[in-house]
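Secondary and tertiary structure notes
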Amino acid sequence: MERSTIVRVHDGLHARPATRFVKLAKSFEADIELVKAEKSVSAKSSVKLMLLGVKENEEVTVRATGADAIEAIEALIGYLENPLSGTGEEGAAPAEATPVDVAPRKEPVAAPAPVSIQGGIRGVAASEGFAIGPAFGFFPQEIKQENRMLGHDEIPAEAARLRQAFATVQERMDRSLAASNLAESDRGIIAALKDIASDEELTEAAAALVAGGIDAVSAAIGATSKIADDFAAMDDPYLNARADDVNAVGRQICLALLGQDDANLEAIPEGAILIAEDIGAWDLARAPLKRIAGVICGHGGATSHVAIIARAHGIPAVLGLGHAVHELETVNTVALDANSGLVFANPDEATARRFHDEIAKAEAVKQSLKAYKDITPKRADGTVIEIAANLGSLEEIEAAQEAGAMGVGLFRTELLFMRHIHLPSEDLQAETYATLAKAFAPYPVIVRTLDIGGDKPISGIDFPVEENPFLGWRGIRMCLDRPDVFKPQLRALLRAAVHGNIKVMLPMVSGVDEVRATRLLIDECAAELKAEGRDHAAFDLGIMVETPAAVLVAPMLASEVAFFSIGTNDLTQYIMAADRLNPTVAKLNDVTHPAVMAAIALTAKAAVEAGIMVGMCGEAAGRADLIPAFVDMGLTELSMSPSSIQRAKKCVLDLGAAPDQHFP
Ligand code: PEP
Ligand code: MG
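Let us look at the structure shown here. (Residues numbered from 1 in each chain as written. Chains lettered and ligands numbered in written order. Predicted model: local features only at pLDDT ≥ 70, side-chain atom pairs only at ≥ 80, totals over all residues. Heavy atoms only, no water.)

**Overview of helix α18 (residues 483–496)**
Turn by turn, an α-helix covers 3.6 residues, leaving residues three or four places apart pointing in a common direction. In this model, α18 (14 residues) spans 19 Å end to end at C-alpha, consistent with the 20 Å of a helix rising 1.5 Å per residue. Buried-residue contacts for α18 involve α15 (414–418), α16 (426–440), β16 (444–448), α17 (475–481), β17 (501–506) and α19 (512–531). (Helix = DSSP H or I, 4+ residues; strand = E, 2+ residues; numbered from the N terminus. Expected span 1.5 Å × (residues − 1). Contact = heavy atoms within 4.5 Å.)

This is the structure we're talking about:
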C-alpha cells in the first residue's frame, strides 16, 4: 500500500524534521519505506532518510506493509504535508517554527579562501554581531584509527565493548536532553545527534567492522567517516554540514571506548572568544553559552549546527577560517566582526575602541527593541491599539510571538490550499486553525477565508480563463459559488473556535448580500456540526474592506458585521485603477494618494459610527509615517509582518501615551 505527496516540510527532511518523521514511523508496526525518484529507504532510520536528500516541494511516496499500514501512511503523509500538525508533541508548533532550528538560511557556505586583510583574517560571517575578548583556545586531541586486527576469540568481547560505548553515548545525550535548562533549539540539535548515535545504519556498520576483526575505535571512526563522507558528497549545503555532526558522534563513541573525557568548555571565562579548529554541536550546546562572547572556527559554514546554535543565542561567529585559525592559538585578545566575517588577533587600541563602540551601539538597539516587545500601546484616551501579525503559515508563529504580536490580524489561508495536491481536508484545516488559536490565546486570530482567483489557481478548483483575474471570480465570489470548498473551511473554523479567540473575515466583499449568504452557510454548518455531536463555537464575522464598493456601502456593511479590516493592498489598486503587480503603474499604486486616504477615512468613520472595530491588514498598516493618521481616523488594530511590530508599537506610543502607560 502506498501514497504519494508533495513534501511541505520547510527546507526538507533533515535534522529535526527527519527525527520527527522517524519517531512517527517507529510508532507503527508496519514496515515503512520512503521513496524518492525510485530510490527507497527505511522510514525508521533518520540517517538513511537524510541521505535520501528530500527537499521541500519534492514528490515522495510512503510505502507500508503490515497490520497498521493504512494508519501509518495517513499519519506520515499528514506530517509531510503539514509538519506542524498532528505530531502529538507538546508545543510542537512553536518549536518547529524556530527558524534557526529547522530552517537555517541557505546562505552560501563555500567559504571564501581565508585571507589576511589589513591585519584581519577573513572567514564566513555565520552569526552577525561584533565581539572582542580574551581568546579561549579549544583544541582537543585527535583520536586516530589504530587499525588493530583482532584475534578470532577477541571479537565477541570487542563487539560488546562497542555496544556499551554506543549505549554510554546515547545515555549521556538522553541526560542532556532531560536537563531542564536546555534551550529548545539546542534540544532539537542534541536530539538529532542522538538519533545519529542510535541509528541502525551507523551501529550496524560499526558492528560489521568489528565482526570482520577490526578494533572498536577504528570501527567507530571507519563507520562514522563513511557516513560523514556520504553527507559531504550531497548536493545540499545543509546536509554537507551534517558530516560534522556524524564525526562528532564518532568522536564521542571513541572517547567512551577509551574511557576518556573530551576537553571541556566548562572552564571558559566570562566574555571569552571561543577559538577552535572544529567544535561539535554537541560540545557547543552543552557549553556555558552565556559566558561566550564570540566563536571562531577553522571548520564550518553558515548552515552548520555551530552557526545555528550561535545565531539562536545571539553569539557572533566567524567560521571557516581554515588553517589560519591556528594563528590564533597563542593570542591573548581577539576581535571579530561577524557581519563581514573578519577576525583580528591582538587588535591595536584604535581597533579595540571601534569594536567596543559597535558592541555598545548594537546592544542599545537590542535593548530598546526588547522594551517594545511586551508593550500594549494605547491611545491617549486609553484605547488599546492592537499591533498584530500577518501570517501565511504556522511556521511563522514563533517569529510573531518573538516580536510581541498581539494576536494575528490576518491569516492568509491560501498557502494551506496551495501546498496540497488536493484540497486540504476539513480535519487538517481545523487542526491548523486550532494550532493558531492556541498559540495566541487570549489574543484574537483573524482567519481570512480563501482568497484565491484565476491568477493563483489551486488544484481542486477549475478557474475559467479570465481577461482580468483581479476583477474576476475570486475570494468570496468564488467561495459562495463553491459550497463544497467553502463549507469545509467554515466548519473547520467553527470547530477551531473552541480552542481560542478565532475571528473570521471575508475577502473581496462588495455588498451586504455576500455577508448574508455567508451567514446562512455558517448557520447551516453549525447545525450540521450540532447534529453530528461535534464540538464547535460561534465566531465574530468581519470583512476586509478592499473594494471601492465596500467603502461606499461601508455604513450598511457595518451594521451586518463585527469588524472591518482594511486591505490597503487591493483597495489602493482598485481605487487608483492601477494593477498592484504592474511596475509601469507603480507610481500610481500609492496608498498615500488622497483618494485612497479618503477611502480609508470613510471606512473608519462608518465603523466608528456603528461602534464596530476597524483595523488594517494591508502593508500600509506597518508604515510608521502613516500610523498616526490611521490611529487618528479611529483604527484600533494594525496587522503587519512580524518584523515591523516593535517599531509600530513605538510609533503608537510616540503619539502620546495614555496617562497610566509608563514606558521605560
Ligand atoms: C490587502 O489586499 O490589503 C490584503 C491584506 O490582502 P492581500 O494582500 O492578501 O490581497
Ligand atoms: Mg487583498
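From this point, the narrative continues.
**A look at the pattern of salt bridges**
Per the stated rule, a full pass over the model turns up 31 salt bridges. For aspartate 174, the salt bridge goes to lysine 194, with nearest N and O atoms at 3.3 Å. With aspartate 174 in helix α6 (residues 155–178) and lysine 194 in helix α7 (residues 184–197), this residue pair connects regions lying 20 residues apart in the sequence. Among the residues examined, aspartate 174 registers a relative accessible area of 36% and is labelled partly exposed. A salt bridge links arginine 623 to aspartate 625; its shortest N-O distance comes to 2.8 Å. Take arginine 623: its relative accessible area is 32%, and that puts it in the partly exposed class. Taken together, the salt bridges that share partners define one network made up of Glu426, Asp427, Lys487, Arg491, Arg495, Glu524, Glu528, Glu532 and Arg534. (Salt bridge = Lys/Arg side-chain N within 4 Å of Asp/Glu carboxyl O. Buried < 20%, exposed > 50% of the residue type's maximum accessible area, 1.4 Å probe, protein only.)

**Examining the nonpolar core**
Membership of the largest hydrophobic core comes to 89 residues, with the highest contact counts inside it found for Tyr433, Ile502, Phe564 and Leu638. Those residues within four positions of tyrosine 433 in sequence are excluded, and the remaining contacts are Phe411, Thr413, Leu416, Phe417, Val447, Gln489, Ala492, Leu493, Ala496 and Ile502. Leu150, Ile189, Ile253 and Cys254 belong to the second-largest nonpolar core, a separate cluster that totals 63 residues. (Core = buried A, V, L, I, M, F, W, Y, C linked by side-chain atoms within 4.5 Å.)

**Thoughts on the packing of α6 against helix α8 (residues 200–211)**
Packing of α6 against α8 leaves a shortest axis separation of 9 Å and a crossing angle of 160 degrees. Here α8 runs roughly antiparallel to α6, going by the angle between their axes. Crossing handedness for the pair α6 and α8: right-handed. Across the interface between the two elements, Ile155, Glu158, Ala159, Leu162 and Phe166 of α6 pack against Leu202, Thr203, Ala206, Ala207, Val210 and Ala211 of α8. Considering only residue class, the contact of α6 with α8 consists of nine nonpolar, one polar and one charged. (Axes fitted to C-alpha atoms, helices over the stretch in contact; angles between N-to-C directions. Parallel < 35°, antiparallel > 145°, perpendicular 65-115°, else oblique. Left-handed = near helix turned anticlockwise from the far one by under 90°. Nonpolar A, V, L, I, M, F, W, Y, C, P; charged D, E, K, R; others polar.)

**Examining the sheet that holds strand β18 (residues 540–545)**
Hydrogen bonds along the backbone pair up the strands of a sheet, which may run parallel or antiparallel. Reading around the circumference, β14-β15-β16-β17-β18-β19-β20-β21 is the order of the eight strands in this closed barrel, with parallel pairing throughout. In this sheet, neighbouring strand axes are inclined to one another by 25 degrees on average, regardless of whether the strands run parallel or antiparallel. In terms of strand pairing, strand β14 (residues 386–391) meets strand β21 (residues 637–640) through four bridges, oriented parallel. Directly across from alanine 389, in β21, lies its bridge partner methionine 640. In the packing of α16 onto the sheet, the strands contacted are β14, β15 (408–412), β16 and β17, and the crossing angle to β15 comes to about 160 degrees. (Pairing = 2+ DSSP bridges.)

**Here's the deal with the packing of α8 against helix α9 (residues 216–232)**
Contact geometry of α8 with α9 gives a least axis separation of 8 Å together with a crossing angle of 135 degrees. On the basis of their axis angle, the class for α8 and α9 is oblique. For the pair α8 and α9, the sense of crossing is right-handed. Where α8 approaches α9, its residues Glu201, Leu202, Ala205, Ala206, Leu209 and Val210 are matched on the opposing element by Ala216, Ala219, Gly222, Ala223, Thr224 and Ile227.

**Remarks on the side chain of threonine 351**
Its place among the elements puts threonine 351 in helix α13 (residues 349–373). Exposure remark for threonine 351: the relative accessible area of 16% places this residue in the buried category. Engagement of the side chain of threonine 351 in a polar contact is seen with the side chain of aspartate 348, the distance being 2.6 Å. (Polar contact = N/O pair within 3.5 Å; in protein donor to acceptor, adjacent residues only side chain to side chain.)

**Things to note about the pairing of strand β13 (residues 342–345)**
Along a regular strand, successive side chains alternate from one face of the sheet to the other. Inspection of the sheet shows strand β6 (residues 120–122) paired to β13 by three bridges, in the antiparallel sense. Counted as the bridge partner of arginine 122 is leucine 342 from β13. In this structure, strand β12 (residues 333–337) lies alongside β13, joined through four bridges in antiparallel fashion. Counterpart to valine 334 in the pairing with β13 is alanine 345.

**Details of the layout of surface pockets**
The computed volume of the second largest pocket comes to approximately 660 Å³. At the level of elements, α9 and α10 (237–258) are the ones that each hand at least two residues to the lining of the second largest pocket. Sorting elements by how many residues they give to the lining of the second largest pocket places α10 first, with seven residues. When its residues are assigned to classes, the lining of the second largest pocket shows eight nonpolar, eight polar and seven charged. Counting the residues that make up the lining of the second largest pocket, at least three belong to each of domain 2 (116–135 + 276–369) and domain 3 (152–258). (1 Å grid on protein atoms, 1.4 Å probe; cavity = no way out; pocket = protein on both sides within 12 Å on 5 of 7 lines; lining within 4 Å. Points joined across faces, edges and corners; volume = space filled by probe spheres on them. Domains from an automatic or database assignment.)

**Regarding α8**
Between the first and last C-alpha of α8 there are 16 Å, a value that for 12 residues agrees with the 16 Å anticipated at 1.5 Å per step. Of the positions making up α8, those classed as buried are Leu202, Ala206 and Val210. Within α8, the buried residues cover an arc of 65 degrees as seen down the axis, which keeps them to one side. What points out from α8, more than 90 degrees from its buried face, is the exposed set Glu204 and Ala211. Sitting at the head of α8, aspartate 199 places a side-chain oxygen 2.9 Å from the backbone nitrogen of glutamate 201. (Arc of directions from axis to C-beta.)

**What to know about the pairing of β16**
The element β16 is extensively covered by neighbouring structure, given that five of its five residues are classed as buried. Residues Pro444, Ile446 and Arg448 of β16 are buried on one face, and the alternating residues Val445 and Val447, pointing to the opposite face, are buried as well. With three bridges connecting them, β15 and β16 associate as parallel partners. Bridging across to β16, phenylalanine 411 finds its partner in valine 447. Bridge count between β16 and β17: five bridges; the pairing is parallel. Paired with proline 444 across the bridge in β17 is asparagine 501.

**Regarding the packing of aromatic side chains**
Applying the stated criterion across every chain, the model contains four aromatic pairs. Ring plane angle 55 degrees and centroid distance 6.2 Å describe the contact between phenylalanine 21 and tyrosine 79, whose orientation is recorded as tilted. Separated by 58 residues along the polypeptide, phenylalanine 21 in helix α1 (residues 15–26) and tyrosine 79 in helix α3 (residues 69–81) bring together distant segments of the chain. Just as phenylalanine 21 is buried, tyrosine 79 falls in that class too. Taking the centre distance of 5.7 Å and the plane angle of 70 degrees together, the rings of phenylalanine 130 and phenylalanine 355 count as edge-to-face. (Phe/Tyr/Trp six-rings, centres within 6.5 Å; stacked < 30°, edge-to-face > 60°.)

The analysis is restricted to geometry; functional conclusions fall outside its scope.
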